[in-house]
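One letter stands for each residue in the lines below.
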Amino acid sequence: MPIDRFDTLRKVCDGKGMKEFEDLGFSKVDIGREARIGYPEVIFGQGKTVPQVRAIFQRLMQAHGRAMVTRATQEMADAVQADFSAAVYDPVSRLLTCGQSARKFPGKVLVLCAGTADLPVAEEAAGTAAWMGCQVERIYDVGVAGIDRLLAYREKLREARVVIVVAGMEGALASVVGGMVRRPVIAVPTSVGYGAHFQGLAPLLSMLSSCAAGVTVVNIDNGFGAGYSAAMIQQLVMEARDE
């Protein structure tokens, strides 16, 4: 049977109106988000202090038994791990996570990146999707400058449920992949490139102007947004099958 999220939400609100957050003073933690959309609030670490991240993380763990910080620092990780020994920090993606989704989606999310310099963004996408319950496979350094590297993985591309394409420079990889598969393609432009690349604006505009239909584009360096979108697609497929 499909999950009645509004019924769950009513229980979260416990008859006191529609207040779904807890006010910590410096932050209003959205503890009702999982009931509404299927996943807890994720902490954006950049710009926050270590004590702020630690306090929000503690509250999310109490409410959901899992939490994730994006753009986390090693200092944030040290503070959180002092409270939760199971928390894991990946310095490449800068993801700080504890716990996993109870749901495991069938089918794979395939994460491609054009070059080694795109790895931090690609790993942010892969780590986010995995934390949200996706099976993730990675294929890295398959940019169009050596197209044979990409073509060697034709079958894996066609088998994937969702494909995330991470690329800087001119961002051409997303269009090429979009013309090869019959599944959703989520393109992530990165800020990797030379001067006229404009810190990612060039691949962003290239991906937005893709001649391959079905390519969706997230913001520059937003691996988190791509991984999250892939998991939401997987969630839709699973819930549709349960109806």
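For the structure given in this document, a descriptive report is provided here.

Of the regular secondary structure elements, the protein holds ten helices and eleven strands. Taken over the C-alpha trace, the protein has a radius of gyration of 19 Å; the compact-globule value for 243 residues is 18 Å, and the two agree within 12%. Projecting the C-alpha coordinates of the protein onto the three principal axes gives extents of approximately 55 × 45 × 30 Å. In the protein, buried positions account for 46% of the 243 residues. The contacts in the protein between residues at least 6 apart in sequence include a share of 67% that link residues at least 24 apart.

On to helix α3 (residues 50-64). Across its 15 residues, α3 extends 21 Å between first and last C-alpha, which sits within 8% of the 21 Å expected from 1.5 Å per residue. What α3 keeps buried is the set Val53, Ile56, Phe57, Arg59, Leu60, Met61 and His64. Once α3 ends, the next one or two residues include glycine 65, with phi positive near 75°.

Take the packing of α3 against helix α4 (residues 74-83) next. A pair of packed helices is characterised by two quantities: the angle between their axes and the separation of those axes. Contact pair α3 / α4: the axes reach a minimum separation of 9 Å and the direction vectors enclose 40°. Put simply, α3 runs oblique to α4. Seen from above, α3 lies across α4 with right-handed handedness. Side by side, α3 and α4 meet where Val50, Val53, Arg54, Phe57 and Gln58 of the first sit next to Glu75, Met76, Ala79, Val80, Ala82 and Asp83 of the second. Considered class by class, the residues forming the contact of α3 with α4 number seven nonpolar, one polar and three charged.

Moving on: the packing of aromatic side chains. All chains considered together, the criterion is met by three aromatic pairs. Relative to tyrosine 228, the ring of tyrosine 39 lies with its centre 6.0 Å away and its plane at 65°, an arrangement referred to as edge-to-face. Taken together, the positions of tyrosine 39 in the loop between α2 (33-37) and β3 (43-44) and tyrosine 228 in helix α10 (residues 223-242) put the pair 189 residues apart, joining distant regions of the chain. The exposure classification of tyrosine 39 matches that of tyrosine 228, with both residues buried. A network of ring pairs unites the aromatic residues Tyr39, Phe224 and Tyr228 as a single cluster. Over the ring of tryptophan 131 we find arginine 66, and its NZ or CZ is 5.5 Å from the ring centre. Sitting over the ring of tyrosine 39, arginine 103 keeps its end group 5.0 Å from the ring centre.

Within a sheet, each strand pairs with its neighbour through backbone hydrogen bonds, oriented either parallel or antiparallel. With parallel pairing, five strands are arranged side by side in an open sheet as β8-β7-β9-β10-β11. On the outer flanks of this sheet lie β8 (135-140) and β11 (215-217), each paired with one strand and no other. Recorded for the sheet is a direction-independent mean angle of 25° between the axes of neighbouring strands. In this structure, strand β9 (residues 162-167) lies alongside strand β10 (residues 185-189), joined through five bridges in parallel fashion. Bridge pairing links valine 165 to alanine 187 in β10. Most of the contacts of helix α5 (residues 119-131) go to β8, to which it runs at about 165°, and overall it touches β7 (108-113), β8, β9 and β10.

On to the sheet that holds β3, then. Pairing in this open sheet of four strands is mixed, and the strands run β3-β4-β6-β5 from one edge to the other. Edge positions in the sheet fall to β3 and β5 (88-90), since each has one partner strand and no second. In terms of strand pairing, β3 meets strand β4 (residues 67-70) through two bridges, oriented parallel. Of the residues in β4, the one forming a bridge with phenylalanine 44 is threonine 70.

Residue placement: glycine 214 occurs in the loop between α9 (201-208) and β11. In this structure glycine 214 comes out as exposed when scored by relative accessible area, which is 56%. The contact partners of glycine 214, leaving out residues within four places of it in the chain, are Pro184 and Val185.

Parameters and conventions
Residue positions are counted from 1 within each chain, in the order its sequence is given. Given that the model is predicted, a residue must reach a pLDDT of at least 70 before its local features are reported, and side-chain atom pairs must reach 80 or more before they are shown or counted; all residues, however, enter totals for whole chains, interfaces and linings. Only hydrogens and water are set aside; all other atoms, that is, all heavy atoms of the structure, feed into the side-chain values. We count a stretch as a helix when DSSP gives it H or I for four or more residues in a row; a strand needs E for two or more, and each element gets its number in order from the N terminus. Between the two quantities, the radius of gyration covers C-alpha atoms and the globule rule is 2.2 Å times the number of residues to the power 0.38. A 1.4 Å probe rolled over the protein chains alone gives each residue an accessible area, and that area as a share of the maximum for its type sets the label: buried under 20%, exposed over 50%, partly exposed in between. The contact criterion used throughout is that any non-hydrogen atoms of two residues lie within 4.5 Å. Between the first and last residue of a helix there are one fewer steps than residues, each counted as 1.5 Å, and that sum is the expected span. For helices, the axis comes from a line fit to the C-alpha atoms of the stretch in contact; other axes are also lines fit to C-alpha atoms, and the angle between any two N-to-C directions lies between 0 and 180 degrees. Note on angle classes: values under 35 degrees are labelled roughly parallel, values over 145 roughly antiparallel, values of 65 to 115 roughly perpendicular, and the remainder oblique. Here is the rule for handedness: rotate from the far helix to the near one, and if that takes an anticlockwise turn smaller than a right angle the crossing is left-handed, while a clockwise turn gives right-handed. Only Asp, Glu, Lys and Arg are considered charged, only Ala, Val, Leu, Ile, Met, Phe, Trp, Tyr, Cys and Pro nonpolar, and every remaining residue, Gly among them, polar. Think of it this way: a Phe, Tyr or Trp ring, Trp meaning its six-membered ring, pairs with another when their centres are within 6.5 Å, and the plane angle makes it stacked under 30 degrees, edge-to-face over 60, tilted otherwise. In this scheme, Lys NZ or Arg CZ marks a charge over a ring once it lies within 6 Å of the ring centre and within 35 degrees of the ring normal. Strand pairing follows a simple DSSP-based rule, namely that at least 2 bridges must link the two strands.

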